[in-house]
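Breakdown of the fold
Single-letter residue listing:
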Amino acid sequence: MTVAATPPAPKLELPPLKLGPITVDTPVILAPMAGITNSAFRRLCREYGGGMYVAEMVTSRALVERTPESLRIISHDDDEKVRSVQLYGVDPGTVGAAVRMLVEEDRADHIDLNFGCPVPKVTRRGGGSALPWKIDLFTSIVQTAVKEASKGNIPLTIKMRKGIDDDHLTYLDAGRIARDAGVAAVALHGRTAAQFYSGKADWSAIARLREALPDIPVLGNGDIWSAEDAVRMVRETGVDGVVVGRGCQGRPWLFGDLQAAFEGSDVRHRPNLRQVAEGVYRHAELMVETFGDEGKALREIRKHIAWYFKGYVVGGELRTRLALVTSLEVLRDTLAELDLDSPYPGVDAEGPRGRAGSPKRPALPKDWLDSRALNEDQSKDIAAAELDVSGG
């Protein structure tokens with residue numbers, strides 16, 4: 001991988017991230033992303049830099065029911081030092097049972113709870129970023145999960161958004177409740193559910209949460225597209241570490257840049273087209289190992305193609321063919337048709353990637369915003385919220 005120097009910057013004086021018995025030397029977390037952060041992608045990221053790499057979100061109900069997909073999602077390579085799992089759930093009993101399973105069967109070293117998902121099929125059932133609005137439900141879930149995790153000395157963290165929209169913010173209340181319940185850290189994505197991934201992340205909200213919770217680690221998430229963005233977030237907000245999501249799509253080497261930047265190095269990865277092609281092929285090979293099914297693995301790699309080749313000179317017809325490959329052999333032959341000596345294109349290969357969506361009114365259960373507490377009908381319906389959610 002070709003590396004290049006950027007203007008030198010002073011070393012960022014940021015200590016390792018402490019999560020209970022776990023020490024993350026480079027305080028960088030790979031955000032769980034459905035269909036992306038499987039063991040293949042986590043391995044690619046680990047090979048470039050340090051940090052903690054979270055598996056795809058898994059629903060608590062599916063895990064308790066031991067569906068094959070949920071068990072695949074929480075599987076980790078033997079050499080993953082920290083087996084990190086993110087759970088989604090809306091029923092305290094089911095979430096508690098899922099955490100208990102992970103602890104008693106020694107399937108995780110770190111557990112994160114998802115309160116940040118803005119997808120309508122999640123929020124319309126009261127889950128994800130809609131859930132912290134209901135203080136009683138949020139408190140019960142977090143307290144139950146922390147209690148079960150503590151039996152195995154497993155640190156439990158939460159990831160959340162600012163709130164449902166600008167008129168219904170929840171992050172400060174939720175942060176304090178989680179802190180009081182004994183979570184090991186709180187991560188905040190500086191957007192509301194209504195924003196989805198559009199607009200700019202509000203780093204000032206992250207700074208306010210950091211100030212409000214001086215006694216536990218606070219992590220920042222949102223609009224980290226480069227190592228320089230991560231350093232700027234730390235300096236502007238005072239967070240103890242960063243959570244990186246869409247910025248690493250098609251760029252697993254970003255974690256090498258992040259580690260270098262946090263160590264005060266000006267070395268950055270600037271891959272030419274040959275190196276990107278090699279990375280794509282290796283990713284596909286690892287996907288085959290992950291799924292044990294070449295056809296499925298190649299279907300899964302398709303979503304990554306546009307991200308890997310963002311900004312590079314690749315003709316439309318060739319891009320289309322790369323997005324339709326059916327085997328490793330076809331992928332290898334198609335990649336060979338690229339102008340492999342094309343250099344790194346600079347800024348065109350950087351910046352935002354992935355679907356941002358557009359601001360929209362969040363889908364919520366009936367009368368959800370009328371009160372910060374569940375009413376009788378909502379209490380009856382809430383347990384069904386996990387049934388139609390992907391992730392196991």
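Taking an unreviewed UniProt entry as the reference, the protein chain is identified by name as tRNA-dihydrouridine synthase belonging to Pseudarthrobacter defluvii. In its Cofactor (unreviewed entry) section, the UniProt entry covering the protein chain states "FMN". Checking UniProt for the protein chain, the heading Sequence similarities (unreviewed entry) contains the comment "Belongs to the dus family."

A few words on the layout of surface pockets. Computed from the structure, the largest pocket encloses a volume of approximately 970 Å³. Surrounding the largest pocket, 37 residues form its lining, Met33, Ala34, Tyr197, Arg246 and Gln249 being those nearest its centre. Of all elements in the fold, only α5 (120-123), β8 (156-161), β13 (241-244) and α12 (294-308) reach the threshold of two or more residues within the lining of the largest pocket. Taken together, the residues that form the lining of the largest pocket break down as 18 nonpolar, 11 polar and eight charged. What the second largest pocket holds in volume is close to 400 Å³. Among the elements of the structure, β3 (22-24), α1 (39-48) and β5 (52-59) are those that each provide at least two residues to the lining of the second largest pocket. The leading source of residues in the lining of the second largest pocket is α1, at three residues. Class assignment of the residues belonging to the lining of the second largest pocket gives a composition of four nonpolar, five polar and seven charged.

Overall, parallel pairing links the eight strands, which are arranged β4-β5-β6-β7-β8-β11-β12-β13 in a closed barrel. Here the average twist between neighbouring strands, direction ignored, is 25°. One ladder, built from four bridges, connects β5 with strand β6 (residues 84-88); its direction is parallel. Residue Val54 lies in a different strand from β6, and its bridge partner there is Ser84. Across the sheet, helix α6 (residues 135-150) lies against β7 (110-115) and β8, angled at about 170° from β7, the strand it touches most. Here helix α7 (residues 171-181) sits on the sheet and contacts β8 and β11 (185-189); the angle it forms with β8, its principal contact strand, is near 175°.

Moving on: the pattern of salt bridges. In the structure shown here, the tally under the stated rule is 32 salt bridges. With its nearest N and O atoms 3.7 Å apart, the salt bridge here joins Arg46 to Asp77. Residue Arg46 is found in helix α1, and its partner Asp77 is found in the loop between α3 (68-73) and β6; the two are separated by 31 residues along the sequence. By relative accessible area, which is 22% here, Asp77 ends up partly exposed. Glu236 serves as the salt-bridge partner of Arg232, at 3.4 Å between the closest nitrogen and oxygen.

So, how was this worked out
Residues numbered from 1 in each chain as written. Predicted model: local features only at pLDDT ≥ 70, side-chain atom pairs only at ≥ 80, totals over all residues. Heavy atoms only, no water. UniProt positions renumbered as here; feature names shortened; annotations may be inferred. 1 Å grid on protein atoms, 1.4 Å probe; cavity = no way out; pocket = protein on both sides within 12 Å on 5 of 7 lines; lining within 4 Å. Points joined across faces, edges and corners; volume = space filled by probe spheres on them. Helix = DSSP H or I, 4+ residues; strand = E, 2+ residues; numbered from the N terminus. Nonpolar A, V, L, I, M, F, W, Y, C, P; charged D, E, K, R; others polar. Pairing = 2+ DSSP bridges. Axes fitted to C-alpha atoms, helices over the stretch in contact; angles between N-to-C directions. Contact = heavy atoms within 4.5 Å. Salt bridge = Lys/Arg side-chain N within 4 Å of Asp/Glu carboxyl O. Buried < 20%, exposed > 50% of the residue type's maximum accessible area, 1.4 Å probe, protein only.

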